[in-house]
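Observations on the model geometry
The chain contents come next:
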Amino acid sequence: MLLETLDLRTNDVLIYSQNMFNFNDSFKIIYKNEKIKKPRRINYFDVCTYVKDPAPKNLIIYRMLTNVNQLDAYSTKYGYFININGKIELIYFDPIFAIKDLRHLRFDLDPQRFRFKIQQVGLTSLTKKESEANFAEVYSFDLKAVEAQNQNDKIFADAIFAFDDSFNDEITAPKTGPVKIQLDEQNERDKKFELMADIKKIAEDKNKDQADLTIPKPPEAAKVQDLREEIVDLLKQALGIQKTAEDIKRETGIQKNTLQDSGQKVDQVFDLFKTTNKSDELSARARDSIILKFD
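In what follows, the accompanying structure is described. Computed from a predicted model, the values in this text were never measured in an experiment.

What to know about the overall build of the chain
- Each helix and strand counted, the chain has seven helices and eleven strands in total.
- Restricting the contact set of the chain to residue pairs at least 6 apart, pairs at least 24 apart contribute 75%.
- When the accessible area of the chain is evaluated, it comes to approximately 14500 Å², of which 45% is carbon and sulfur surface.

Laid out in structure tokens, this is it:
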């Protein structure tokens, strides 16, 4: 994932992840107003707070489509719910979180017949003043198997700061101190589903005669807030994390950066796609249908 806040007067940030199933080490934050910009570690739960906050931002995330009819998103463990084009949708910060979530999403389809897509999706904030972020979709395309396995969104941060002499790529500790997060994941499903949590085992399905793939069925909008908090709380319990006074202070500071009348300019992240070659390439990718399976 990549998150870039836009024109905040203070605390303007860029966050990226590196497609690791690690709730502490995969995510990095860069404070864009620092004299020397360095990536610092930020944990998964603080990333969720930034995503939810209504401050204007660009966001690159991942969605999963499957051939399971009416797959219930209520059973997600590693996904996150956001509002895209006026509809609640289940998204993932990295492809690996989508793959790992298949152990927990409830469906009965045999793994041999299971087919899916993982799409990279570019989003930008809408300008309405609301209690949490509301996004418009700018682009989306299907990932190839090798891309889903090796995607590392640090490449966007590297491109944005390529000509910035104040950028230092050396990782530093977070301002609030490191949080050690480990997850001993247990397989909660039948043994025949064990393959479905291994991102290294996905391959492209060359068979063109496939059923339509759809996104998981979202919960009712009124239930999203409670469900989202429940998922985060359960994850924190599994990881042995307790909310500290520093967590509360940091979250309060983030919430103060609410949407400001900044003109909502879309720059930086999506500038990477605006050159003629990149635009043509992106359009071609958007037309490609790449269906994945477990090999």
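A short note on a negative patch on the surface
- On the surface, D226, E229, E230 and D233 cluster together to form a negatively charged patch.
- Here D233 is to be found in helix α5 (residues 221–239).
- A relative accessible area of 40% places D233 in the partly exposed class.

Remarks on the pattern of salt bridges
- Enumeration over the complete set of coordinates arrives at twelve salt bridges.
- Two residues, E34 and R40, come together in a salt bridge whose shortest N-O distance is 3.2 Å.
- A residue is classified by how much of its surface remains accessible, and R40, at 16% relative accessible area, is buried.
- When the shortest N-O distance is used, the salt bridge between R63 and E89 registers 2.5 Å. Of the two residues, R63 is situated in strand β5 (residues 57–66) and E89 in strand β7 (residues 87–91); the sequence distance between them amounts to 26 residues.
- The class for R63 is buried, based on a relative accessible area of 9%.
- Looking at E89, the relative accessible area reads 8%, which means it is buried.

Topic: the pairing of strand β1 (residues 2–5)
- The alternating pattern of β1 places L2 and E4 on one face and L3 and T5 on the opposite face, and all of these are buried.
- Sheet topology note: the β1/strand β2 (residues 13–17) ladder contains three bridges and is antiparallel. Within β2, the position partnered with E4 by the bridge is L14.
- Looking at chain direction, β1 and β5 are connected through four bridges and run antiparallel. Counterpart to E4 in the pairing with β5 is N58.

A short note on the nonpolar core
- Core analysis: the largest hydrophobic core is formed by 75 residues, its most contacted members being M1 and F93.
- With near-sequence residues (within four places) excluded, F93 lies in contact with M1, S17, F27, Y44, V47, C48, V51, I61, Y62 and Y80.

Description of helix α1 (residues 44–52)
- When you tally the buried positions in α1, you get eight out of nine residues, the bulk of the element.
- Among the residues of α1, those classed as buried are Y44, F45, D46, V47, C48, T49, Y50 and V51.

The rules behind each value
Along each chain, residue indices are assigned from 1 in the same order as the chain's sequence is written. For this predicted model, a pLDDT threshold of at least 70 governs which residues receive local features, and a threshold of 80 or more governs which side-chain atom pairs are given and counted, while totals over whole chains, interfaces and linings are taken from all residues. Calculation of side-chain values draws on the structure's entire complement of heavy atoms; hydrogens and water are dropped beforehand. By definition, any uninterrupted DSSP run of H or I lasting at least four residues is a helix, any uninterrupted run of E lasting at least two residues is a strand, and each is numbered from the N terminus. Throughout, a contact is declared for two residues whenever any of their heavy atoms are within 4.5 Å. Under the convention used here, a 1.4 Å probe and the Shrake-Rupley method define accessible areas, while residue burial counts only the protein chains that appear. Any residue with relative accessible area above 30% and no salt bridge may belong to a patch, with like charges joined within 9 Å and the nonpolar Val, Leu, Ile, Met, Phe, Trp and Tyr side chains within 5 Å. The rule for a salt bridge is simple: a side-chain nitrogen of Lys or Arg has to be within 4 Å of a carboxyl oxygen of Asp or Glu. His is not counted, nor are the chain ends, whereas Lys and Arg count as positive and Asp and Glu as negative. Charge coordinates come from a single atom per side chain, which is NZ of Lys, CZ of Arg, CG of Asp or CD of Glu. Only protein chains enter the accessibility calculation, which uses a 1.4 Å probe. A residue is then buried if its area is under 20% of the maximum for its type, exposed if over 50%, and partly exposed in between. Strand pairing follows a simple DSSP-based rule, namely that at least 2 bridges must link the two strands. Take the buried residues of types Ala, Val, Leu, Ile, Met, Phe, Trp, Tyr and Cys, join any two whose side-chain atoms come within 4.5 Å, and each joined set is a nonpolar core.

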